[in-house]
Structures are given as C-alpha cells and as structure tokens.
Amino acid sequence: MKEAKTFYYKFNPVNAWMIFNVVLLIVILHCCIMCPCLLFWWQTQVIIGVFVFSALAWGYKYILKHKMAVIDDEGITLDHCNKLPWKDVESMEEKEVRCWFRKYKVIVLNPKKNIDYQYNYLQKHNCGFGAFSIPLYGIVRKEDIKEIRDILSKKIKFKKA
C-alpha cells in the first residue's frame, strides 16, 4: 500500500431528526404565510433559532464526510486521534460490546504494554469499546468493513476471543 487509504462514516440521513426539522420548517413557513406579524414575537424567533441550529447540526452530521480511519504503511489513525504505529499493535480481535441496551460488533486493536502514545479523553474513557476500536455495524459501509478487515489481517495477527 503506497498511499494512505481513508474510510468514512456513513450515517443514514432519513431519521426522526430529519422529520423533526421538516415539521418545524412547515410550521414556521405556515406561520410566516398565514400571519407574518408572528415573526416579531420573541417566541417565534426562538423557534426559528431552534430550527436553524437543528438544521445546521443535522447538515454537519449527515452531509459532511467524517473520517473513521486512515490506514497506511506506517500505522492507523482512528477518527481524530494520534496515529497508532503498526509496531505498537500486539493483536486484533472482534468483540461484541454492550452500549446501553444494544450490542455492537467492533474490531479492537490491542496495543502492546507501555507504548509511547498520547491518549485523548475519549480513548481513556470509552466504555467497553477500548481505545482503538473500529465499528462493524450500521455506520460503516459493508464494502469498507471488508476492505478494512483485509488490510488489517495483512498487518496484524488475529487473536481469538
């Protein structure tokens, strides 16, 4: 692998949040058309502010691309964390992790003991996921999961759980 391969999260944009935004937009447009004087009420302005904030946040999550992993010959970078060199990875394993009332499959990269790595807050406090986890559930495309498994199996030994 000569150049870095980047994988992105894939979120499903059609959900309750989008329906909330659409309903809120319809309510605001109905108010503006039927009684434009309502635009001067502070309550209406708050509702418009909530809609703008919600629509921008929805757009940030579902329209923009978010990096999940960058893999190259030197190591792997997960999300916005520091790069983990291959020499510091002992093994990998597939796990099923409970988060609230659901179970999620992930690939966990097990680092060697006493490596020189600067962990961020989320890596230190990441529930059962571990510091270096790659999701195998609905937020990543199936083709990407297969390609990630292929690349990792060439670089790291697989540890049976």
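Refer to the structure printed above.
Scope of this entry: the structure provided in the associated data block.

Criteria and thresholds
- Residues numbered from 1 in each chain as written.
- Predicted model: local features only at pLDDT ≥ 70, side-chain atom pairs only at ≥ 80, totals over all residues.
- Heavy atoms only, no water.
- Salt bridge = Lys/Arg side-chain N within 4 Å of Asp/Glu carboxyl O.
- Buried < 20%, exposed > 50% of the residue type's maximum accessible area, 1.4 Å probe, protein only.
- Pairing = 2+ DSSP bridges.
- Helix = DSSP H or I, 4+ residues; strand = E, 2+ residues; numbered from the N terminus.
- Contact = heavy atoms within 4.5 Å.
- Axes fitted to C-alpha atoms, helices over the stretch in contact; angles between N-to-C directions.
- Phe/Tyr/Trp six-rings, centres within 6.5 Å; stacked < 30°, edge-to-face > 60°.
- Lys NZ or Arg CZ within 6 Å of the ring centre and 35° of its normal.
- Expected span 1.5 Å × (residues − 1).
- Arc of directions from axis to C-beta.
- Left-handed = near helix turned anticlockwise from the far one by under 90°.
- Nonpolar A, V, L, I, M, F, W, Y, C, P; charged D, E, K, R; others polar.

1. A look at the pattern of salt bridges
Here is step 1: Within this structure, the stated rule accounts for nine salt bridges.
Here is step 2: Between arginine 141 and glutamate 143 there is a salt bridge, and its shortest N-O distance comes to 3.0 Å.
Here is step 3: In this structure arginine 141 comes out as partly exposed when scored by relative accessible area, which is 39%.
Here is step 4: A residue is classified by how much of its surface remains accessible, and glutamate 143, at 49% relative accessible area, is partly exposed.
Here is step 5: Salt bridges linked by common partners bring Asp72, Glu74 and Lys83 together as one network.

2. Remarks on the sheet that holds strand β3 (residues 75–78)
Here is step 1: Overall, antiparallel pairing links the four strands, which are arranged β1-β2-β3-β4 in an open sheet. The open sheet is flanked by β1 (5–8) and β4 (84–85), the only strands paired with a single partner.
Here is step 2: Direction of pairing for strand β2 (residues 67–71) relative to β3: antiparallel, over a ladder of three bridges. Paired with isoleucine 71 across the two strands is isoleucine 76, which belongs to β3.
Here is step 3: Against the sheet, helix α4 (residues 142–155) contacts β1, β2 and β3, and its axis sits at roughly 140° relative to β1.

3. Some remarks on the packing of aromatic side chains
In this description, an aromatic ring pair is defined by two values, namely the gap between the centres and the angle between the planes.
Here is step 1: Within this structure, the stated rule accounts for nine aromatic pairs.
Here is step 2: A centroid spacing of 5.1 Å and a plane angle of 75° characterise the contact between tyrosine 117 and phenylalanine 132, whose relative ring orientation is edge-to-face. You can see tyrosine 117 sitting in the loop between β6 (102–111) and α3 (121–124) and its partner phenylalanine 132 sitting in the loop between α3 and β7 (133–135), a full 15 residues away along the chain.
Here is step 3: With 5.8 Å between their ring centres and 45° between their planes, tyrosine 119 and phenylalanine 132 make a pair best called tilted. Taken together, the positions of tyrosine 119 in the loop between β6 and α3 and phenylalanine 132 in the loop between α3 and β7 put the pair 13 residues apart, joining distant regions of the chain.
Here is step 4: An aromatic cluster is built from Tyr9, Phe11, Trp17, Trp58 and Tyr62, whose rings are joined through pairwise contacts.
Here is step 5: Above the face of the phenylalanine 11 ring, lysine 61 is positioned so that its terminal group lies 4.8 Å from the ring centre.

4. Here's the deal with helix α2 (residues 42–62)
Here is step 1: Between its terminal C-alpha atoms α2 stretches 30 Å, which fits the 30 Å expected from 21 residues at 1.5 Å a residue.
Here is step 2: Of the residues making up α2, those classed as buried are Thr44, Phe51, Ser54, Trp58, Gly59 and Tyr62. Looking straight down α2, one finds that the buried residues subtend no more than 135° of arc, so they occupy a single side. Residues Trp42, Phe53, Leu56 and Tyr60 are exposed on α2 and point more than 90 degrees away from its buried face.
Here is step 3: Looking at the buried positions of α2, the neighbouring elements they touch are α1 (16–34).

5. Here we look at the packing of α1 against α2
Here is step 1: At their nearest, the axes of α1 and α2 sit 10 Å apart, and the two run at 145° to each other. The two elements α1 and α2 meet at a crossing, and its hand is left-handed. Touching Trp17, Met18, Phe20, Asn21, Leu24, Leu25 and Ile28 of α1 are Ile47, Ile48, Val50, Phe51, Ser54, Ala55, Ala57, Trp58, Lys61 and Tyr62, all from α2.
Here is step 2: Here the residues of the contact of α1 with α2 are counted per class, giving 14 nonpolar, two polar and one charged.

6. So, unusual backbone geometry
Here is step 1: Look at aspartate 79: it is not a glycine, yet its phi comes out positive at around 50°.
Here is step 2: Position of aspartate 79 among the secondary structure elements: in the loop between β3 and β4.
Here is step 3: On the basis of relative accessibility, which here comes to 33%, the residue aspartate 79 falls in the partly exposed class.
Here is step 4: In the Ramachandran plot, asparagine 114 falls in the positive-phi region, its phi being about 55° despite a non-glycine side chain.
Here is step 5: Given the relative accessible area of 82%, asparagine 114 is considered exposed.

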